[in-house]
Amino acid sequence: MSEGQGPAGPAGSDGPSGGVADAGERGFRDLGLGLILFGSTLALAYSIATDADMQQDFGLDPGPAFLPDILLWLLGIGAVILIVQGILTLTRVRWRLPRELVDIKRSSVPLLMVTSVIGYVALVPALGFLAVSLLFSVIWAVGLAVQDDGSAIRPLLISCVGSALIAICIYLAFKQLIGIPLG
Amino acid sequence: MFDATLQAFLHVLIDPVGLGLCVIGVVVGIILGALPGISSTMSLAVLLPFSFGMDLDRSMLFLMAVFSASVYGGSISAILINIPGTPGAIVTQMDGYPMARKGRAGEALTYALLASTLGGIFGWLLLIGLAPVVASVALVFQSPEFAAITLFGLTMLAYASPGSTFLGIIGGIIGLLVATVGFDPTTDVSRFTFGIAPLQAGLGLIPAAVGIFGVAEVLQNIEHSGPRLKMITEIKRILPPWDEAKRLWPICIRGSLIGAFVGAIPAAGSAIAVSLSYAQEKRMSRNPERFGTGIPEGIVAPESANNSCVGGALIPMITLGIPGDSMTAVLIGALLIHGLRPGPDMFRSHLDFVAIVYVSLFLAVVVTLVLGLYGNRYFARVLQLPRPMLLTAVMLLCIVGSFAVRNSLFDVVVMLGFGVVGYLMNRVGMPTAPVIFGMVLGPLLEDNIRRSLILYGNWSAFVERPISLALILLSLAALVYPLIQIVWTKRRTT
């Protein structure tokens, strides 16, 4: 019952080619992903190779590096396939890259959210869960309400008050009902 | 088994707290399932921490209620606003929304509810009928068979994940690698910890699941302003005409059968089941051109299949310890918190747990029917709740829920990390669920391969034992099939 849409072809072949722009985007995606995966594989492989504990002989047991070694090989091969596939696709479209390599505008709000959660974690030891949760909820509710409805006052107020109430409810539910020590 | 189930049923009936949790689970499940952008898996992941403080029986009652009800909840938004609340409801909207636009929104919701109930009961019957059989077969399995079936399950899960199969397999490998972080249980050597003390206990499954299924979806939802929804608010008549309803029984039964069996195949998926069921009815219909115009057949067929998948997906979970889908992967996370790892031994040493799963699913289906019949028009109102409020609440639940696993802010950071990775994976079209499948199955796979190698001395055990060999060959076939498909497609086009 996975929430999937069923099987599809491998990367780069999913769906009919949607023109040069799509192919360029796909090629760039495969190449970028392949390079990231290959870099990570090399870094992890290096950490295993230089770890004396991992390289010990454990007799009949193949040891702690056994599965990671196999997986890193597979991941490395997968990364190379992606890189080759990306290069081939980009060569086919004469290296016409998508107009925007990284859609910064699209990612700006999620990036803000990630930063704010890091801020949340940093502030909790000093201010406690309730205060930080209230701050987080109200600021985000206002921000998202402005994103949705501009500066209309009513939706802004509803979201603001509603979010503050929900934050208090979540805090009380976890602290009182489940007994989680939220400071 | 019958005695244990009866005992569990009576035990639940005289436990008002347990019943209350079941009702709360259904209500919250329907509401979250109905909200576009909040999938059933996300609902389950963000509500999971609430079950930590409960005993196992009550947590199962609560979680199964959320699981089953959220699957039905997806149809509410599909019918009223033409956006499926969950991917499983994707086909329901094709006839549900046009039917609602004809002024029959209440009847469409009731058809979806009744079909879901019948589907749920079918799935439940398949679960109680088939699970003991599968478990008894699995009892003769030894390490090589377990390793092979884990590999097969993982391959199938990666294969059937949405999007690219190849990227799904890569996702599965990443999940397996993530599962190796921390102390190696056999040798006590720490792996990939890089001197960070909290990593020695490994990366938690629950924070990872909450991040991948919850945070990633929130991040995706806040990229743009929310859609202006054209909601059908007029829900007049609830009960459909009897003459029309009674001719839909065979469709409902066919849909349920398709859903239950498709759901029992690891990772085959509700989306596949609903598409199959809808296509089957359209093919059998004398007036196939009417499908998509707002006919009840187009709601009943996919909805019965969608909900019967729930029972089916639980079969590989409780008998083999292999998640049938992303939701059961999250459920396994909950069981691990309670110190249980599902598998064939469940039917010998934890019969009471199996019984409570049976009872919980049955109660969830019945309570969903009762609450749905009386509360559908109220549940529909949740679609009018402000989006900023909902997204903020979900994010807060993700944060506090992850902290609650081990009372550790490090887990919140882990959750955030997985959320970012999940978001980026979604952006590049890489399926995220296989990462969690890999994390669930990783320890099982490694443990059984290493045990086999210690016991048998070499790899021969995997090919000399027929079941293990068959499963490995099936896994290879699942891996090679997409490549053959590409070559075949290229040959046909040239």
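Quick caveat: nothing in here was measured; it's all calculated off a predicted structure.

Asker: Please clarify how the overall build of chain B should be interpreted in this entry.
Answerer: Summing up its helical and strand segments, chain B has 20 helices and two strands in all. The principal-axis extent of the C-alpha atoms belonging to chain B is close to 70 × 55 × 50 Å. Taking all 494 residues of chain B together, 63% fall into the buried category. The long-range share in chain B, meaning contacts at least 24 apart out of those at least 6 apart in sequence, stands at 78%.

Asker: Mind showing me how you'd approach the overall build of chain A here?
Answerer: When you go through chain A residue by residue, the secondary structure sums to five helices and zero strands. The order of α-helices and β-strands along chain A, N terminus first, is α-α-α-α-α. Here the contacts in chain A between residues at least 6 apart in sequence split such that 67% fall between residues at least 24 apart.

Asker: Looking at this structure, I do not really get unusual backbone geometry. What am I missing?
Answerer: Among all residues save glycine, negative phi is the norm, and among peptide bonds the norm is trans. All names here are of chain B. In this structure, Phe194 is a non-glycine residue whose phi angle is positive, near 50 degrees. Of note, Phe194 is situated in the loop between strand 2 (190-191) and helix 8 (205-221). Of note, the phi angle at Asn407 is positive, near 50 degrees, even though the residue is not glycine.

Asker: It is not clear to me how the interface of chain A and chain B should be interpreted in this structure. Could you clarify?
Answerer: For an interface, size is often stated in terms of accessible area lost upon the parts coming together. In this complex, chain A contributes 64 residues to the contact, which on the side of chain B involves 77 residues. Put simply, the parts of the chain that give the side of chain A that touches chain B at least two residues each are helix 1 (19-49), helix 2 (66-92), helix 3 (104-127), helix 4 (129-149) and helix 5 (153-177) of chain A. Sorting elements by how many residues they give to the side of chain A that touches chain B places helix 5 of chain A first, with ten residues. Looking at side-chain class alone, the side of chain A that touches chain B contains 41 nonpolar, 16 polar and seven charged residues.

Asker: Whenever I open this one, the environment of B:Leu336 confuses me. Can you help?
Answerer: Residue and element names in this part refer to chain B. By the secondary structure assignment, Leu336 is in helix 13 (residues 326-337). Separated by 104 residues in the primary sequence, Leu336 and Val440 have C-alpha atoms spaced 9.8 Å apart. When near neighbours in sequence (up to four residues on either side) are disregarded, Leu336 contacts Leu205 and Arg341.

Asker: Would you mind going over helix 2 of chain A with me for this structure?
Answerer: An α-helical turn contains 3.6 residues, so any two residues separated by three or four positions project in the same direction. Taking 1.5 Å as the rise per residue, helix 2 of chain A with 27 residues should run 39 Å; its terminal C-alpha atoms sit 39 Å apart, in good agreement. In the stretch just after helix 2 of chain A, A:Arg94 is the one whose phi turns positive, near 55 degrees.

Asker: Help me understand the packing of helix 13 of chain B against helix 18 (residues 433-456) of chain B, please; the structure alone is not making it clear to me.
Answerer: For any two helices packed against each other, one specifies the inter-axial angle together with the distance between the axes. All names here are of chain B. With their axes 10 Å apart at the nearest point, helix 13 and helix 18 run at an angle of 35 degrees to one another. For the crossing formed where helix 13 meets helix 18, the hand is left-handed. Packed against helix 13, whose contacting residues are Ser326, Ala329 and Ile332, the element helix 18 presents Ala433, Ile436, Phe437 and Val440 at the interface. Each residue belonging to the contact of helix 13 with helix 18 can be placed in one class, and the counts come to six nonpolar, one polar and no charged.

Asker: Please clarify how the confidence of the model for chain A should be interpreted in this entry.
Answerer: Atomic detail in the predicted coordinates should be set aside for any region of low pLDDT. All names here are of chain A. For chain A, the average pLDDT comes to 81, and 84% of its residues sit at 70 or higher. No element of chain A has a lower mean pLDDT than helix 5, at 86, and none a higher one than helix 2, at 92. Every residue in residues 1-18 scores below 50 in pLDDT, and together they form 71 contacts with partners more than four places removed in sequence or on other chains.

Asker: How should the confidence of the model for chain B be read in this particular structure?
Answerer: When the pLDDT values of chain B are averaged, the result is 84; 95% of them are 70 or greater. The ipTM value of the predicted complex is 0.86, and its pTM value is 0.81.

Asker: What's the story with the environment of B:Pro98 in this structure? I'm lost.
Answerer: All names here are of chain B. By the secondary structure assignment, Pro98 is in helix 5 (residues 92-138). For the pair Pro98 and Met389, spaced 291 residues apart in the sequence, the C-alpha separation amounts to 29 Å. The residues touching Pro98, leaving out its near neighbours within four places in the chain, are Thr293 and Gly294.

Asker: Sorry if this is basic, but what is going on with helix 13 of chain B here?
Answerer: All names here are of chain B. End to end, helix 13 covers 17 Å across twelve residues, agreeing with the expected 16 Å (1.5 Å per residue, within 8%). Counting buried positions along helix 13 yields ten of twelve residues, so the element is predominantly enclosed. All of the buried residues along helix 13 are Ser326, Met327, Thr328, Ala329, Val330, Leu331, Ile332, Gly333, Ala334 and Leu335. Where helix 13 is buried, its residues meet helix 3 (40-47), helix 4 (56-80), helix 8, helix 12 (297-320) and helix 18.

Asker: Whenever I open this one, the packing of helix 4 of chain B against helix 15 (residues 351-381) of chain B confuses me. Can you help?
Answerer: All names here are of chain B. Packing of helix 4 against helix 15 leaves a shortest axis separation of 8 Å and a crossing angle of 35 degrees. Considering the relative orientation of helix 4 and helix 15, their crossing is right-handed. A class-by-class count of the residues in the contact of helix 4 with helix 15 yields 19 nonpolar, four polar and one charged.

Definitions and cut-offs
- Note that residues are indexed from 1 along each chain, following the sequence as it is written.
- To label them, take the chains in the order written and letter them from A, then take the ligands in the order written and number them from 1.
- Local features are withheld for residues below a pLDDT of 70 in this predicted model, meaning they are given only at 70 or higher, and side-chain atom pairs are given and counted only at 80 or more; totals for whole chains, interfaces and linings count all residues.
- Here a strand is any run of E in DSSP of at least two residues, a helix any run of H or I of at least four, and the numbering for each starts at the N terminus.
- Three exposure classes are used. Buried residues have 20 or more other C-beta atoms within 10 Å of their own C-beta, exposed residues have 12 or fewer, and partly exposed residues fall in between, all C-beta atoms being placed from the backbone.
- Contact between two residues is assigned when their C-beta atoms, built from the backbone, lie within 7 Å.
- Gly is put with the polar residues, along with every residue not named as nonpolar or charged; the nonpolar set is Ala, Val, Leu, Ile, Met, Phe, Trp, Tyr, Cys and Pro, and the charged set is Asp, Glu, Lys and Arg.
- Multiplying 1.5 Å by the residue count of a helix minus one yields the expected span of that helix.
- Between N-to-C directions, angles span 0 to 180 degrees; the directions come from axes that are lines fitted to C-alpha atoms, helices contributing only their stretch in contact.
- By convention, the crossing between two helices is left-handed when the near helix turns anticlockwise from the far helix through less than a right angle, and right-handed when the turn is clockwise.
- The score called pLDDT rates the predictor's confidence residue by residue, from a low of 0 to a high of 100.

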